[in-house]
Amino acid sequence: MNTTTAERIDSQRPRILRLYNLYRVILGFGLTLLTSSSLREGVLSLSNPEVYAQASWIYLFINVLIALSLHKGRRDIHLAVLDITLLGIIFYAAGGIGSGFGNLLIIPVAIGNVLLHGRIGLLLPAMSSLVLIYLTFFLSLTHPYIGQNYLQAGVLGAIYFAVALFVQRVTRRLYLSEILAREQAASLASLEQLNQLIIQRMRTGIMVVSAENRILTSNEACSQMLDRDVPQGERLDRIAPEL
């Protein structure tokens with residue numbers, strides 16, 4: 001990713017982080033609601049309700065604290081690693097791969113690869129995959145009565161990498177397209193200035209009038225011919241009734 005693209009990402013970083021922090025706070029509230037046995041009855045069967053409750057409340061507290069603070073976005077990898085770690089603990093406490101909580105790691109991987117430049121973003125799917133596979137194996141030892149699907153864990157790990165590569169590719173194309181559009185706009189502006197300069201230096205009097213009979217532009221030779229200033233936007237019949 002070139003320097004110009006990186007600078008454009010840096011300019012959008014605070015806005016992306018605000019949206020990401022809002023998502024994390026909402027997710028934290030949702031996870032803490034499931035600490036109530038009456039709310040999760042028939043929806044989720046936890047392997048370790050105590051660990052789940054502690055991790056969920058810590059996750060919510062940290063996210064609210066970060067959202068309220070003036071986060072400058074210079075340690076994005078720390079934020080993503082924190083998310084992966086806490087969500088990994090929640091994944092373990094929720095019962096592993098069968099709970100579906102492994103899908104929650106997709107968002108930190110995706111957002112991290114929007115904010116991080118180059119190959120460093122691939123550290124996030126690698127870390128997420130290792131956390132997922134290790135916790136799945138650990139759950140099979142500590143809770144053998146809970147069935148663990150290693151194939152599903154491996155597929156989810158591959159999805160993390162696919163999401164990271166896809167997001168990096170799309171982000172790069174979007175920012176390069178924006179840079180190209182800005183360069184084209186600057187070129188058009190320069191061309192317009194050149195055309196104005198050519199018109200002003202012509203010895204022939206030139207005046208451009210709109211359909212509403214208002215003067216759009218004129219050159220110095222036109223002002224000399226009419227022996228008066230020709231302000232832009234003025235009506236033609238006020239400047240030169242004979243025309």
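Just so it is clear, the structure is predicted and the values come from calculations on it, not from any experiment. The residue count restarts for each chain, going from 1 along the sequence in the order it is written. Only residues with pLDDT of at least 70 get local features here, since the model is predicted, and only at 80 or more are side-chain atom pairs given and counted; chain-wide, interface and lining totals rely on the full set of residues. The side-chain values count all of the structure's non-hydrogen atoms but skip hydrogen atoms and water molecules.

## Quick word on the packing of helix α5 (residues 106–115) against helix α6 (residues 123–142)
Pairs of packed helices are described in terms of their axes, by the angle between the two and the distance that separates them.
Stage number 1. Contact pair α5 / α6: the axes reach a minimum separation of 9 Å and the direction vectors enclose 165°. Looking at the two axes, α5 sits roughly antiparallel to α6. Crossing of α5 over α6 shows right-handed handedness. Contacts between α5 and α6 pair Pro108, Val109, Gly112 and Asn113 from the former with Leu124, Pro125 and Ser128 from the latter.
Stage number 2. Here the residues of the contact of α5 with α6 sort into four nonpolar, three polar and no charged. Under this scheme, a helix contributes an axis fitted over its contacting stretch, all axes are lines through C-alpha atoms, and angles between N-to-C directions fall in the 0 to 180 degree range. Numbering goes from the N terminus for both helices and strands, where a helix is a DSSP run of H or I of at least four residues and a strand is a run of E of at least two. The cut-offs work like this: below 35 degrees is roughly parallel, past 145 is roughly antiparallel, 65 to 115 is roughly perpendicular, and the gaps in between are oblique. Two helices crossing with the near one rotated counterclockwise from the far one by less than a right angle form a left-handed crossing, whereas a clockwise rotation gives a right-handed crossing. Throughout, a contact is declared for two residues whenever any of their heavy atoms are within 4.5 Å. Residues were grouped as follows: Ala, Val, Leu, Ile, Met, Phe, Trp, Tyr, Cys and Pro as nonpolar; Asp, Glu, Lys and Arg as charged; and all remaining residues, including Gly, as polar.

## Section: the pattern of salt bridges
Stage number 1. Definition used for salt bridges: Asp or Glu carboxyl oxygen within 4 Å of a side-chain nitrogen of Lys or Arg. Enumeration over the complete set of coordinates arrives at one salt bridge.
Stage number 2. Between aspartate 83 and arginine 24 there is a salt bridge; the shortest N-O distance is 3.0 Å. In this pair, aspartate 83 sits in helix α4 (residues 76–93) while arginine 24 sits in helix α1 (residues 3–33), placing the two residues 59 residues apart along the sequence. Both residues of the pair, aspartate 83 and arginine 24, count as buried. Residue burial is assigned from relative accessible area. The probe radius is 1.4 Å, only protein chains are included, and a residue is buried under 20% of its type maximum, exposed over 50%, and partly exposed in between.

## Remarks on the environment of serine 129
Stage number 1. On the secondary structure map, serine 129 appears in helix α6.
Stage number 2. A sequence separation of 30 residues divides serine 129 from isoleucine 159, and the C-alpha atoms of the two residues are 9.3 Å apart.
Stage number 3. Here the side chain of serine 129 touches glycine 157 through a polar contact of 3.3 Å, landing on its backbone oxygen. Here a polar contact is recorded for every N or O atom pair within 3.5 Å, except that within protein the pair must consist of a potential hydrogen donor and a potential acceptor, and residues adjacent in sequence are included only if both atoms are side-chain atoms.

## A short note on a nonpolar patch on the surface
Stage number 1. Patch members must show over 30% relative accessible area and no salt bridge, and they are joined within 9 Å when carrying like charges or within 5 Å when they are nonpolar side chains of Val, Leu, Ile, Met, Phe, Trp or Tyr. Accessible surface area values rest on a Shrake-Rupley calculation with a 1.4 Å probe, where residue burial reflects the displayed protein chains alone. On the surface, Leu188, Leu191, Leu194, Leu197 and Ile198 cluster together into a nonpolar patch covering about 470 Å² of accessible area.
Stage number 2. In this structure, leucine 191 sits in helix α7 (residues 150–201).

## Some remarks on the packing of aromatic side chains
Stage number 1. Pairing of aromatic side chains here covers Phe, Tyr and the six-membered ring of Trp, requires ring centres within 6.5 Å, and sorts the geometry by plane angle: under 30 degrees stacked, over 60 edge-to-face, intermediate tilted. Under the definition given, this model contains four aromatic pairs.
Stage number 2. Ring centres of tyrosine 20 and tyrosine 23 lie 6.4 Å apart, and the angle between their planes is 15°; this geometry places the pair in the stacked category. Highlighted residues: tyrosine 20 and tyrosine 23, both in helix α1, separated by three residues, approximately one helical turn.
Stage number 3. Owing to a relative accessible area of 4%, tyrosine 20 belongs among the buried residues under this scheme.
Stage number 4. Given the relative accessible area of 27%, tyrosine 23 is considered partly exposed.
Stage number 5. Each ring, one from tyrosine 92 and one from phenylalanine 138, has its centre 5.8 Å from the other, and the planes form 45°; the classification is tilted. Pair noted here: tyrosine 92 is in helix α4 and phenylalanine 138 is in helix α6, with a separation of 46 residues, a long-range link.
Stage number 6. Relative accessible area serves as the criterion here: at 31%, phenylalanine 138 is assigned to the partly exposed category.
Stage number 7. By the ring-pair criterion, three or more aromatic residues cluster together here, those being Tyr92, Tyr134 and Phe138.

## Considering the environment of arginine 235
Stage number 1. Summarising the element assignment, arginine 235 is placed in the loop between α8 (220–226) and α9 (236–239).
Stage number 2. Residues arginine 235 and glutamate 212, 23 residues apart in the sequence, show an inter-C-alpha distance of 8.2 Å.
Stage number 3. Ignoring any residue separated from it by four or fewer positions in sequence, one finds arginine 235 in contact with Glu212, Asn213 and Arg214.

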